[in-house]
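Spelled out, the chains give:
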Amino acid sequence: MTTSQQQAPLPGPDLDRLSPIDPGLPILAFLAISGHGSSSRDAVEKALTPLYADPSQFGTALAALGDEGLIWLSKGGRCRIDDSGRARAEGKIGKLIGRSWPAILSRALPVLALGIDPRTEKARVYLARRENLECAALARLYGLSGLGTMPTRPQVRFALLRAMIASRLPECEPAFTEISMHNTSRDAIGRAVMLGAAGLKRGALRDAESVLLRKALGLRPEAAGGVAEALIRSGITKAAPRPAPSMPKVDLRKAAPDLAEFAATVRDLAKTLRTDPFAGRVAIAQVYDAGTSRGLNFGSLDGFKASVAEAGRAGLIDLERYDIAGPMDTALRDRSRIAFGRDERHFIVNEWI
C-alpha cells in the first residue's frame, strides 16, 4: 500500500512585513524637486499614478495634502508645494535640493517600506549598490531574522537557503553552523534548491533570487516598472485607509439619545485607560476590549467602531489619527482603525473630554 505524506510548505513572502508609506509623500517629493516647486496636476498624476495600486488613492492623497495646507491647488490645474510640505518630505527622506526624481524613486522612497531611514549616511552608502535594495527587500519580505535592515547578498542568500532547507528537513539545520556551508556560491545542491523554489530549471542563484523577489511583490515578467516602484506601491497600499463596510442607514433623530448615552459610556471608560506612549489618547480597540471585559454590551468590534465613528461625527467623542511613525503595536493599530471621511482615526482622546 502506498501512503502519501504531506510536505511542509516552503517559507513564503508576506507583504504585511513591509512598512507603510504615507500616500502623500511621493507627491510632496515630486513637487519639491520640480521647477519652483510647482507642476501641473496632469504631469504629477502621469508620473505618480503607477505608484498607486488604486488610481483613486492618488486623488485622495492630493486632496488630503491640500486640506492640510501642504500644497496649493490652483483653479488652473497647477500644484505648488508649500514650505511646510517641503519640510514634511525632507523630514522623511532627507534634503531634496539638487536631487533627481529617478534617484528618489529608486532609492529614497522604496527603502521606507523596508524600515530603512534614507537620511542616514549608512543608508546612502548601502544603497549606492543597486543590488542592495533587492537584498534588503528579500530579507524583509521573507522575514529572515538576525540580518538587520541592510544585509549583504551573501547573508541573504545563506539565510534564505537555510530557511528553505530547514522547512522540509529540520534535522539538517544544525549543519548550517559549519563555516563551509556559508559559501553558497559554490554549492550546487543549494543552487538547485533555490532554482526549484523559484520554479526554474536552470540558471544562477541570482536568477532564482530575482524571480522570488518579483513573485513576492506580485510583479509579472512582462510588467512595467521594477522592484523599487513595487515596494513603494505596496507601502502606500498598506498605509491607505481601508474602505468602510457599508452600514444600513439609521434614523439619527431616533438614535440620538442612544448615541449620546453610548458616547458618555465610552468617554467615561476611556478616561480610565492609557495606550503607552500616547498620553492623552487611547486606542479604540483597547476601549472596546476593556468594555467587553467589564461586561458592557458593546456588540461586535466592527459595530462598536461604527458607533464610535458616528459619535465622532456628531461631536460627542474626540477622535485622533495615528501617526504612522509612532511605536504602536500593528495588531492594535489595525483593530482600532476606522474610516473617517477621506481619512481614518485610531484613538479616542481622553484628556480633555
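Higher on the page you've got the structure.
Below, the structure is looked at part by part. Everything numeric here is computed off the predicted structure, so don't read it as measured data. (Residues numbered from 1 in each chain as written. Predicted model: local features only at pLDDT ≥ 70, side-chain atom pairs only at ≥ 80, totals over all residues. Heavy atoms only, no water.)

**Things to note about the pattern of salt bridges**
Just so we agree on the cut-off: By definition here, a salt bridge exists when the distance from a side-chain nitrogen of Lys or Arg to a carboxyl oxygen of Asp or Glu is within 4 Å. Only DSSP runs of H or I with at least four residues qualify as helices, and only runs of E with at least two residues qualify as strands; both kinds are numbered from the N terminus onward. Summary of the burial criterion: residues with accessible area below 20% of their type's maximum are buried, those above 50% are exposed, and those between are partly exposed, where the area comes from a 1.4 Å probe applied to protein chains only.
Summed over all chains, the structure comprises 18 salt bridges. Notably, a salt bridge pairs Asp22 with Arg88, separated by 3.9 Å at the nearest N-O pair. Remark: Arg88 occurs in helix α4 (residues 83-93) and Asp22 occurs in the segment before α1 (25-33); sequence separation between them is 66 residues. Residue Asp22 is classed as partly exposed on the basis of its relative accessible area, which comes to 27%. Residues Arg335 and Asp289 are paired through a salt bridge, measuring 3.0 Å at the closest nitrogen-oxygen approach. Taken as a pair, Arg335 in helix α15 (residues 330-336) and Asp289 in helix α13 (residues 284-293) lie far apart in primary sequence, 46 residues in all. Among the charged side chains, a network of salt bridges with common partners joins Arg129, Glu131, Glu134, Arg153, Arg157, Arg206 and Glu209.

**Overview of the packing of aromatic side chains**
Each aromatic ring pair is specified by the distance between its two centres and by the angle formed by the two planes. Where we set the bar: Stacked, edge-to-face and tilted labels apply to pairs of Phe, Tyr and Trp rings (six-membered ring for Trp) whose centres lie within 6.5 Å, assigned for plane angles under 30 degrees, over 60, and everything in between, in that order. Placement of a charge over a ring requires the Lys NZ or Arg CZ to be within 6 Å of the ring centre, with the centre-to-atom vector within 35 degrees of the ring normal.
Taken as a whole, this structure holds 8 aromatic pairs when the rule is applied. With 5.9 Å between their ring centres and 75° between their planes, Tyr52 and Phe58 make a pair best called edge-to-face. Clustering of aromatic rings is evident, with ring pairs tying together Phe262, Tyr288, Phe298 and Phe304. Over the ring of Phe347 we find Arg281; its NZ or CZ atom is 4.6 Å from the centre of that ring.

**Brief notes about the nonpolar core**
To be explicit about the condition: The nonpolar core is taken to be a set of buried Ala, Val, Leu, Ile, Met, Phe, Trp, Tyr and Cys residues, with the residues joined through side-chain atoms within 4.5 Å. Contact between two residues is taken to exist if any of their heavy atoms lie within 4.5 Å; hydrogens are not considered.
Ile27, Leu48, Ile93, Trp101 and Tyr142 are the most contacted members of the largest nonpolar core, which has 69 residues in total. Sequence-distant contacts of Ile93, that is, excluding residues within four places in its chain, are made with Leu25, Ala29, Arg99, Ile104, Ala108, Leu109, Leu112, Pro118 and Arg119. Among the nonpolar cores identified, the runner-up in size contains 23 residues, and Leu269, Val287, Leu301 and Leu319 belong to it.

**Thoughts on unusual backbone geometry**
For His36, which is not glycine, the phi torsion reads 60° and is therefore positive. By secondary structure assignment, the location of His36 is in the loop between α1 and β1 (38-40). Since its relative accessible area comes to 83%, His36 is described here as exposed.

**Brief notes about the packing of α13 against helix α14 (residues 301-313)**
Going by this rule: Fitted lines through C-alpha atoms give the axes, limited to the stretch in contact for helices. The angle between two N-to-C directions lies from 0 to 180 degrees. Should an angle fall under 35 degrees it is taken as roughly parallel, and over 145 as roughly antiparallel, whereas 65 to 115 is taken as roughly perpendicular and any remaining angle as oblique. Here a crossing is taken to be left-handed if its near helix is turned anticlockwise relative to the far helix by less than a right angle, and right-handed if that turn runs clockwise. Throughout, the ten residues Ala, Val, Leu, Ile, Met, Phe, Trp, Tyr, Cys and Pro are labelled nonpolar, Asp, Glu, Lys and Arg are labelled charged, and all others, Gly among them, are labelled polar.
Orientation of α13 relative to α14, taken along the N-to-C sense of each, is 120°, at an axis distance of 10 Å. Looking at the two axes, α13 sits oblique to α14. Crossing geometry of α13 relative to α14 is assigned as right-handed. Along its contact with α13, which presents Ile284, Ala285, Val287 and Tyr288, the element α14 presents Leu301, Phe304, Lys305 and Val308. The residue makeup of the contact of α13 with α14, split by class, is 7 nonpolar, no polar and 1 charged.

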